[in-house]
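Okay, here's what each chain looks like letter by letter:
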Amino acid sequence: MAQLPQEFLTRMQDMLGDEFDAFLTSYDAPRTAGLRVNTKKCRTEDFPPLVPGTWKKIPWIPNGYFVPDGMRMGQSPLYAAGVFYLQEPSAMTPASRLPIEPGERVLDLCAAPGGKATELNARLKGTGLLVANDISNARAKALLRNLELFGSENVLVTNETPAGLADVFPGFFDKILVDTPCSGEGMFRKEEAAVTDWSEATVAMCAARQQEILASAAEMLAPGGRLVYSTCTFSPEENEGVISAFLHAHPAFSVEPVEAP
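As the structure is a prediction and not an experimental result, all values here were calculated from the model. (Residues numbered from 1 in each chain as written. Predicted model: local features only at pLDDT ≥ 70, side-chain atom pairs only at ≥ 80, totals over all residues. Heavy atoms only, no water.)

Considerations on the environment of Leu 156
Right, so step 1: Here Leu 156 shows up in strand E7 (residues 155-158).
Right, so step 2: In the structure, Leu 156 is positioned 54 residues away from Gln 210 in sequence and 23 Å away in space, judged by C-alpha atoms.
Right, so step 3: With residues up to four places along the chain from it excluded, the contact list for Leu 156 reads Leu 129, Leu 130, Val 131, Ala 132 and Phe 169. (Helix = DSSP H or I, 4+ residues; strand = E, 2+ residues; numbered from the N terminus. Contact = heavy atoms within 4.5 Å.)

A closer look at the packing of aromatic side chains
Right, so step 1: A full pass over the atoms with the stated rule returns 17 aromatic pairs.
Right, so step 2: Centre to centre, the rings of Phe 23 and Tyr 27 are 5.2 Å apart; their planes meet at 90 degrees, and the pair counts as edge-to-face. One exposure class covers both Phe 23 and Tyr 27, and it is buried.
Right, so step 3: Between Phe 47 and Trp 55, the aromatic rings sit 5.2 Å apart at their centres with planes inclined by 75 degrees, giving edge-to-face as the arrangement. Accessibility assignment for this pair places Phe 47 and Trp 55 in one class, buried. (Phe/Tyr/Trp six-rings, centres within 6.5 Å; stacked < 30°, edge-to-face > 60°. Buried < 20%, exposed > 50% of the residue type's maximum accessible area, 1.4 Å probe, protein only.)

So, the side chain of Asn 38
Right, so step 1: Among the structural elements, Asn 38 can be located in the loop between strand E1 (34-37) and strand E2 (56-57).
Right, so step 2: Judged by its relative accessible area of 1%, Asn 38 falls in the buried class.
Right, so step 3: Polar contacts involving the side chain of Asn 38 include one to the main-chain carbonyl oxygen of Gly 82, which spans 2.8 Å.
Right, so step 4: Beyond its immediate stretch of four places on either side in the chain, Asn 38 contacts Gly 82, Val 83, Phe 84, Ala 122 and Phe 150. (Polar contact = N/O pair within 3.5 Å; in protein donor to acceptor, adjacent residues only side chain to side chain.)

Looking at the nonpolar core
Right, so step 1: Counting 21 residues, the largest nonpolar core has Leu 107, Leu 109, Ile 176, Val 178, Met 220 and Leu 227 as the members making the most contacts within it.
Right, so step 2: Secondary-structure elements contributing two or more residues to this core are helix H7 (162-168), strand E8 (173-179), helix H9 (200-220), strand E9 (221-230) and helix H10 (240-249).
Right, so step 3: Looking at which element gives the most residues to this core, the answer is H9, with six residues.
Right, so step 4: In this view, Leu 227 contacts Ile 176, Val 178, Leu 214, Ala 217, Ala 218 and Leu 221; residues no more than four positions away in its chain are not counted.
Right, so step 5: Counting 15 residues, the second-largest nonpolar core is a separate cluster that includes Leu 98, Ile 100, Ala 132 and Leu 143. (Core = buried A, V, L, I, M, F, W, Y, C linked by side-chain atoms within 4.5 Å.)

Here's the deal with unusual backbone geometry
Right, so step 1: Of the consecutive residues Ala 112 and Pro 113, the connecting peptide bond is found in the cis state with omega at 5 degrees.
Right, so step 2: Take Pro 113: it is sitting in the loop between strand E5 (105-108) and helix H5 (115-124).

Here we look at helix H6 (residues 137-149)
Right, so step 1: Compared with an ideal rise of 1.5 Å per residue, which puts 13 residues at 18 Å, H6 spans 19 Å between its outermost C-alpha atoms and is within 8% of the ideal.
Right, so step 2: Contact partners of the buried residues in H6: strand E4 (84-86), H5, strand E6 (129-133) and E7.
Right, so step 3: Downstream of H6 by a residue or two, Gly 151 has a phi angle that is positive, lying close to 70 degrees. (Expected span 1.5 Å × (residues − 1).)

Honestly, that's just the spatial picture; any functional story needs more than this.
Encoded structure:
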């Protein structure tokens, strides 16, 4: 892993205080891999017998398992068949916290490569509508491939800006997930480019973009709907700061408790 930027370390030390040393130590710990069972093709409890090994459930994900050490699940024919999705356990959290009911109209606004969208669609159980969008054409194609592989139904894949979608879908969606592009501080162990690309200016730029994305999402949410906002960064500017600015500009919205599924 590339050397962590000093400005980032200083910010984290200010945030974490006595927990900063434990945070640094975590970078030396082995990475934890996970997979999420595609419940459209396999019941969660039926998965472990298909692949012999010591499988442990991810406590906060009903259909998630930790991948046993040394097991290369990307080479499994079950992966090629769309029976499961390889995803870090923390990355499974946002979609799991959006309460989906069959028949609802759901938007995954920043959906590629499809880890969130495939889970949201599975919980619609072949009803309602999922619109899965990504602003990148190449990423939207990867998104479409994963949705097809998972046997997704009633899906519209779009390649549009959030503002462009808001012009077409005002007040349309019951539930919206905005797992927004960010400075990627939570990806430093996984992607060296996330370290080398980081700067305080990037954090500020991402926060401004996130506020624009959330404003468009608000236009598309139906009255009484639910919007989940998430990032993979530690930056308060991109998390609490963005939410605070959004609530100030949209007084009809309120923060709600996150309930386990």
